[in-house]
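Close look at the chain arrangement
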Amino acid sequence: MQTKLITLEVSLQADEDQLREAIPGTKMLRSDALRSHIEAKLTAHGSPLRWAITHINPVNQTAHVEAVVTTLV
């Protein structure tokens, strides 16, 4: 088993298929939908132990995420 520190940049905007999960009147993901979106992205890199949003880019509408994940070697 290997532990890694990774960084991701995820969109705060809902895709067309995620509009039901957006804040009404906007294309911004609700907090619960954003959490699920981030966790889905992280599982592509391993099993997330912990993660945090460390920066929001208001211009690009993205969140910078740092996470610790475990993988099988």
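Refer to the structure above for everything that follows.
These numbers were taken from a predicted model, which means no experiment stands behind them. (Residues numbered from 1 in each chain as written. Predicted model: local features only at pLDDT ≥ 70, side-chain atom pairs only at ≥ 80, totals over all residues. Heavy atoms only, no water.)

1. Remarks on the overall build of the protein
Helices and strands together make up the secondary structure of the protein, namely 1 helix and 3 strands. Tracing the protein from N to C terminus, the helices and strands come up as β-α-β-β. Along the first, second and third principal axes, the C-alpha set of the protein runs to 45 × 25 × 15 Å. Counting the 73 residues in the protein, one finds 29% classified as buried. (Helix = DSSP H or I, 4+ residues; strand = E, 2+ residues; numbered from the N terminus. Buried < 20%, exposed > 50% of the residue type's maximum accessible area, 1.4 Å probe, protein only.)

2. Details of the pattern of salt bridges
Tallied over the entire structure, the rule returns 2 salt bridges. With its nearest N and O atoms 3.3 Å apart, the salt bridge here joins Glu16 to Lys27. Taken as a pair, Glu16 in the loop between strand 1 (2–11) and helix 1 (31–43) and Lys27 in the loop between strand 1 and helix 1 lie far apart in primary sequence, 11 residues in all. You can call Glu16 exposed: its relative accessible area is 59%. Assessed through its relative accessible area of 39%, Lys27 is described here as partly exposed. The partner of Asp32 in a salt bridge is Arg30, and the shortest N-O contact between them spans 3.2 Å. (Salt bridge = Lys/Arg side-chain N within 4 Å of Asp/Glu carboxyl O.)

3. Notes on helix 1
Here helix 1 contains 13 residues, and its C-alpha end-to-end distance of 18 Å stays within 8% of the 18 Å for a straight helix at 1.5 Å per residue. Of the residues making up helix 1, those classed as buried are Ala33, Leu34, His37, Ile38 and Leu42. If you follow the buried residues of helix 1, they end up packed against strand 1, strand 2 (47–57) and strand 3 (62–71). (Expected span 1.5 Å × (residues − 1). Contact = heavy atoms within 4.5 Å.)

4. Here's the deal with the nonpolar core
Soluble globular proteins tend to pack their nonpolar side chains together in the buried interior. In this structure, Ile6, Ile38 and Leu42 are the most contacted members of the largest nonpolar core, which totals 15 residues. Looking at this core, the elements with two or more residues in it are strand 1, helix 1 and strand 3. (Core = buried A, V, L, I, M, F, W, Y, C linked by side-chain atoms within 4.5 Å.)

5. A look at the sheet that holds strand 3
Pairing in this open sheet of 3 strands is antiparallel, and the strands run 1-3-2 from one edge to the other. Looking at the sheet topology across the chains shown, the edges are occupied by strand 1 and strand 2. On average, adjacent strands in this sheet sit at an angle of 20° to one another, irrespective of strand direction. (Pairing = 2+ DSSP bridges. Axes fitted to C-alpha atoms, helices over the stretch in contact; angles between N-to-C directions.)

6. Notes on the environment of Ser31
Within the fold, Ser31 resides in helix 1. In this structure Ser31 comes out as exposed when scored by relative accessible area, which is 62%. The spacing of Ser31 and Glu66 is 35 residues in sequence and 17 Å in space, taken between C-alpha atoms.

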